[in-house]
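One-letter residues, chain by chain:
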Amino acid sequence: MELIVDGRRLDGRGFDELRPIKIEAGILNRADGSCYLEMGGNKVVAAVYGPREVHPKHLEDPSKAIIRYRYSMASFSVEERKRPGPDRRSIEISKVSREALEPVIMKELFPRSSIDIFVEVLQADAGSRTACLNAASVALIDAGVPMKGIVTSVAVAKVEGFLVLDPMKDEDYYGEADVPFAFLIRNGKIESITLLQMDGRLTVDELKSALELAKRGAMKIYKLQRDAILKRYVGEEVIE
Ligand code: UDP
């Protein structure tokens, strides 16, 4: 399958272009914080509950809040119906995503409590874990959970020898490598990497270039996350 035609990708994007992104904070009444996010063909909802009492009780930590993250795909979210319920893939994604968010949450402020993050993928088109992390970050802020910064996530793929930002399904599937990143952004600057996974093969130099490409993409997503929060709490008029 030809993925690059005349220097453009199948959907017309340049190599360093993100898919269209839409973010809306505060869409659920019963969650403490929530977010709806679209990243190209990915459509996800994040809901945050807490800090709240831990159930079951024996899981509570006297020194800090525990963080739980559940990534789940709707059975209609993918081409071939997905069996409902957790599978190996979603358990793994839940674990690495929780670890990507933990460093940013000020857990020590809430001993013996839990912060529960649920993300539901309604439609998937590669990069769903990155879309979910971006939504979860906004939902955490919407819930008023004290944070040291914000987590922003995007993947880079290698396709026909080129590094491309934010791969869609065909690029992920037929490409040579897929590298999802998440970054902790504090005071408008990328401070650290909180998630880095890779399948496929890259040279060391390509990995360095992929990181730079991902960082540029993440800064753009970060601005949209910020706008979504501002829109919810300050009103549309302040956003330039
Ligand atoms: N996918 C699918 N069925 C599944 C799991 C994944 O069709 O059971 C598709 C879906 O579009 C997903 C993509 O494969 O976004 C890539 O999946 P991957 O495991 O790389 O995670 P993601 O890129 O979504 O974070």
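As a reminder, the structure under discussion sits directly above these lines.
One numbering rule holds for all chains: residues counted from 1, following each sequence as written. Totals for whole chains, interfaces and linings use every residue, but because this is a predicted model, local features are given only for residues with pLDDT of at least 70 and side-chain atom pairs only at 80 or more, for both listing and counting. Hydrogens and waters are ignored; side-chain quantities use all the structure's heavy atoms.

Student: When you look at the overall build of the protein chain in this model, what are you seeing that I'm missing?
Tutor: Across its full length, the protein chain holds 4 helices and 12 strands. Along the first, second and third principal axes, the C-alpha atoms of the protein chain reach 55 × 45 × 35 Å. Buried means the residue's accessible area, taken with a 1.4 Å probe over protein chains only, is under 20% of the maximum for its type, while exposed means over 50%, and partly exposed covers the values in between. Here the protein chain, with 240 residues, has 49% of them falling under the buried criterion. Restricting the contact set of the protein chain to residue pairs at least 6 apart, pairs at least 24 apart contribute 68%. We get accessible surface area from the Shrake-Rupley algorithm with a probe of 1.4 Å; when it comes to residues, only the shown protein chains can shield them. By element, 51% of the accessible surface of the protein chain is carried by carbon and sulfur atoms, the whole surface being about 12,200 Å². The average position of the 36 basic charges and that of the 38 acidic charges among the side chains of the protein chain differ by 5 Å. Numbering of helices and strands starts at the N terminus; helices are DSSP runs of H or I of at least 4 residues and strands are runs of E of at least 2. By the convention used here, residues are in contact when the closest approach between their heavy atoms is within 4.5 Å. Just so you know, the count uses Lys and Arg for positive and Asp and Glu for negative, and it drops His and the chain ends. To locate a charge, the coordinates of NZ of Lys, CZ of Arg, CG of Asp or CD of Glu are taken.

Student: How should the nonpolar core be read in this particular structure?
Tutor: For soluble globular proteins, the rule of thumb is that nonpolar side chains tend to be buried together. Among buried residues, those of type Ala, Val, Leu, Ile, Met, Phe, Trp, Tyr and Cys that are joined through side-chain atoms within 4.5 Å constitute a nonpolar core. If you look at the biggest cluster of nonpolar residues, it comprises 59 residues, and the most contacted ones within it are Y69, L101, I105, I117 and L140. Aside from chain neighbours lying at most four places away, what touches L140 is V48, L101, I105, I115, I117, V145 and M147. One finds L3, I4, A157 and V164 within the second-largest nonpolar core, a separate group that totals 5 residues.

Student: Looking at this structure, how should I read the state of the cysteines?
Tutor: What we call a disulfide is simply a covalent bond connecting the sulfur atoms of a pair of cysteines. By definition, disulfides here are pairs of cysteine sulfur atoms that lie within 2.5 Å. Within the structure shown, the criterion is met by 0 disulfides. Just so you know, C35 is unpaired, no disulfide at all, and the nearest cysteine sulfur is the one on C132, 10 Å from it. By relative accessible area, C35 is classed as buried at 0%. Accessibility expressed as a relative area gives 0% for C132, which makes it buried.

Student: Looking at this structure, I do not really get unusual backbone geometry. What am I missing?
Tutor: Peptide bonds are, in most cases, trans, and in most cases residues other than glycine have a negative phi. The omega torsion of the bond from G50 to P51 falls at 0°, within 30 degrees of zero and hence cis. Examined against the element boundaries, P51 turns out to sit in strand β5 (residues 42-53). That bond from H55 to P56 is cis: its omega, -5°, falls within 30 degrees of zero. A positive phi angle, near 50°, is found at N187, a position not held by glycine. Mapped onto the elements, N187 comes out in the loop between β10 (177-186) and β11 (189-196).

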